[in-house]
Amino acid sequence: MADELTLPLFPLRTVLFPGMPLPLHIFEPRYREMLQRCLAGDRCFGVALIKRGVEVGGPAVPHAVGTVARVVEVEALPDGRFEILTLGEDRFQVLDVSDDRPYLVGRVRTIHDADPLDDALVQLADAVAVAFRDLVAQLQRLAGEPSAPPELPDNPRQVSFAVASALQLPLPEKQSLLELTSTAERLRRLMAAIRRETGLLHLVRESQRDLPSIGPFSTN
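In this text, all values refer to a predicted model and were calculated from it rather than measured experimentally. (Residues numbered from 1 in each chain as written. Predicted model: local features only at pLDDT ≥ 70, side-chain atom pairs only at ≥ 80, totals over all residues. Heavy atoms only, no water.)

## Re the nonpolar core
In this structure, Phe45, Val163 and Leu167 are the most contacted members of the largest nonpolar core, which totals 50 residues. Broken down by element, the residue count for this core peaks at eight residues, all from helix H2 (residues 119–142). Setting aside its immediate chain neighbours within four residues, Phe45 contacts Leu7, Pro8, Phe10, Leu24, Met34, Cys38, Thr67, Val68, Ala69, Val71, Ile84 and Thr86. In terms of nonpolar packing, the next biggest core, distinct from the first, is built from nine residues, Leu5, Leu7, Leu9 and Val108 among them. (Core = buried A, V, L, I, M, F, W, Y, C linked by side-chain atoms within 4.5 Å. Buried < 20%, exposed > 50% of the residue type's maximum accessible area, 1.4 Å probe, protein only. Helix = DSSP H or I, 4+ residues; strand = E, 2+ residues; numbered from the N terminus. Contact = heavy atoms within 4.5 Å.)

Okay, structure coming up:
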């Protein structure tokens, strides 16, 4: 993908990471128009977390860093709405925005992580993957669900994006992870987040263990 390009922008209350799927229901007329233009071209638009404004029915100011979404599946509904599946590709930084159309269009520059994919990065990604799978296993046991370890990519950068997408983190924290241009720093922050969640999970289990047992209810 070119370093600079013009891209329709879709501000949403979500953070899309590279390599991650994002299903969308397209119903507003402005975004129907945007989608039809995309489908007639390269099938891409930009997804960016809303900084100010609303997702539906009004203006929104997106964050300056988002992710290119490529449309991979489309279902056109009889009333003109669309169900689509997109896949995150490169991240971008918005250079300037035009509002000449019903939706925003940005001139953007693609951004990439700068650190090399060396052995240290692979080891860090492996450690994060192990910690994340352990957290998921604990959550599944707590919910009484069968153990199903999540599949993760082999590439350290994609591991960082997959784990960042899957963790239940506040949107500002996810946006901060998206904006980083160091895979190592992203992985370190994810490890800290996993340890934080693991600690909270431990407190939940301890509180459940301390609850008094309740015997049979009386019929009186």
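## Quick word on the packing of aromatic side chains
Taken as a whole and judged by the stated rule, the model has three aromatic pairs. On the basis of an interplanar angle of 50° and a centroid distance of 5.9 Å, the ring pair of Phe10 and Phe45 is categorised as tilted. Here Phe10 is found in strand S1 (residues 4–12), whereas its partner Phe45 is found in strand S3 (residues 44–53), with 35 residues between them in sequence. The same class applies to Phe10 and to Phe45, which are both buried. (Phe/Tyr/Trp six-rings, centres within 6.5 Å; stacked < 30°, edge-to-face > 60°.)

## Things to note about the pattern of salt bridges
Under the defined criterion, the tally for this structure stands at 14 salt bridges. Between Arg107 and Asp96 there is a salt bridge whose closest N-O contact spans 2.9 Å. Of this pair, Arg107 sits in strand S7 (residues 104–111) while Asp96 is found in strand S6 (residues 82–98), placing the two residues eleven residues apart along the sequence. According to the relative accessible area criterion, Arg107 is partly exposed, its value standing at 34%. Across the pair Glu185 and Arg188 runs a salt bridge, and its minimum N-O distance is 3.3 Å. Pair noted here: Glu185 and Arg188 are both in helix H5 (residues 183–210), with a separation of three residues, about one helical turn. (Salt bridge = Lys/Arg side-chain N within 4 Å of Asp/Glu carboxyl O.)

## Regarding the confidence of the model for the protein chain
Taken over all residues, the pLDDT of the protein chain has a mean of 90, while the share at 70 or more is 91%. This stretch, residues 213–220, has a pLDDT under 50; its non-local contacts, to residues over four places away or in other chains, come to zero contacts. (pLDDT = per-residue confidence, 0-100.)

## Points about the environment of Asp96
Residue classification places Asp96 among the partly exposed positions, given a relative accessible area of 36%. Taking the C-alpha atoms as reference points, Asp96 and Pro116, 20 residues apart in sequence, are found 30 Å from one another. The contact partners of Asp96, leaving out residues within four places of it in the chain, are Val105, Gly106 and Arg107.

## Let's talk about the side chain of Thr67
Along the chain, Thr67 turns up in strand S5 (residues 65–76). Separated by 2.6 Å, the side chain of Thr67 and the backbone oxygen of Leu16 make a polar contact. (Polar contact = N/O pair within 3.5 Å; in protein donor to acceptor, adjacent residues only side chain to side chain.)

## Some thoughts on helix H1 (residues 29–40)
With twelve residues, H1 extends 17 Å from end C-alpha to end C-alpha; this agrees with the ideal 16 Å at 1.5 Å per step. Among the residues of H1, Arg30, Tyr31, Met34, Leu35 and Cys38 are the ones counted as buried. The arc that holds every buried residue of H1, seen down its axis, measures 130°, which confines them to one face. Those residues of H1 that are exposed and angled more than 90 degrees off the buried face are Pro29 and Ala40. (Expected span 1.5 Å × (residues − 1). Arc of directions from axis to C-beta.)

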